[in-house]
Amino acid sequence: MNIHGVEVTVDLNNNPEFEGPNDKDVQVYQTTATINNVTFEAGIYTQEQVYEILSSVVMSEEELRAAVATGGTVTLGADVTLSAGLEISNNVTLNLNGKTLTSTATDDGWITNTGTLTIKNGSMSFDGTAIWAKGGKLNLIDCKITESGTTGGDCVYVSNKAVVMISECSIKATGTNE
């Protein structure tokens, strides 16, 4: 398979981390395994699932914006810094993949959600409001969110009858503005 212009081959015969019970499955035997900066938890994945996960990897702000506009699963393959707000109005799963999403700007609402957004498996650090759930649904799973700037703001701001589910997250405001 070709991911970001790089040919990726999972050799099931020569890779001790993976074994295919048949020609369409990939099994991760270790606790985790990493392919192209993506961490796979132990389990069985079809080749289609591996391809879908690897093809959803973004490495920059520009790639993140394009992938979010399309919708579906988006996986960070590197730490990404936003220079402006990110609006999400469709169905997006943002797998931070152990990486960090930050912002260099100082306005509120860096991720504004009106669709269905799941953010999982990583860290976010913002100056101002990190996430504005402005209607729609927001799921936060296994993530660390920090508001650490001087402008003040909320880590997660909820309005317009948004539904928010939070599981196994650390949310902390450490900014200096009262």
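Coordinates for the structure precede this section.
Going along each chain's sequence as written, the residues are numbered from 1 onward. Only residues with pLDDT of at least 70 are given local features in this predicted model, and only at 80 or more are side-chain atom pairs given and counted; all residues enter the totals for whole chains, interfaces and linings. Each side-chain value is worked out from all heavy atoms of the structure, with water and hydrogens disregarded.

Student: Please explain the overall build of the protein chain as it appears in this structure.
Tutor: Looking only at helices and strands, the protein chain features 2 helices and 18 strands. Burial classes: relative accessible area under 20% of the type maximum marks a residue as buried, over 50% as exposed, and values in between as partly exposed (1.4 Å probe, protein chains only). Going through the 178 residues of the protein chain one by one, you find that 39% of them count as buried. The criterion used for residue contact is that any of the two residues' heavy atoms lie within 4.5 Å. A separation of at least 24 residues holds for 38% of the contacts in the protein chain among residues at least 6 apart in sequence. Element-wise, carbon and sulfur atoms account for 46% of the exposed surface of the protein chain, whose accessible area totals about 9,200 Å². Numbering of helices and strands runs from the N terminus; a helix is a DSSP stretch of H or I covering at least four residues, while a strand is a stretch of E covering at least two. Each accessible area is a Shrake-Rupley result for a 1.4 Å probe, and residues are judged covered by the shown protein chains and nothing else.

Student: Mind showing me how you'd approach the nonpolar core here?
Tutor: Here, nonpolar core means buried Ala, Val, Leu, Ile, Met, Phe, Trp, Tyr and Cys residues that are tied together by side-chain atoms lying within 4.5 Å of each other. Counting residues in hydrophobic clusters, the biggest one holds 30 residues, and the most contacted among them are Leu64, Leu94, Leu101, Ile111, Ile119, Met124 and Ile131. Of all the secondary-structure elements, those providing two or more residues to this core are helix 2 (61-70), strand 7 (72-76), strand 8 (80-82), strand 9 (86-88), strand 10 (91-95), strand 13 (116-126), strand 14 (131-134) and strand 15 (137-147). Beyond its immediate chain neighbours, meaning those up to four positions away, Leu101 contacts Leu64, Leu76, Val80, Leu82, Leu94, Leu96, Ile111, Ser123, Met124, Ser125 and Phe126.

Student: What should I look at first to understand the pattern of salt bridges in this one?
Tutor: Side chains carrying opposite charge are able to pair once their charged atoms draw close together. Salt bridges are counted wherever a side-chain nitrogen of Lys or Arg sits within 4 Å of a carboxyl oxygen of Asp or Glu. Scanning the entire structure with this criterion turns up 1 salt bridge. The shortest N-O distance in the salt bridge between Glu61 and Arg65 comes to 2.8 Å. Residue Glu61 and its partner Arg65 are both found in helix 2; the two are separated by 4 residues, about one turn of the helix.

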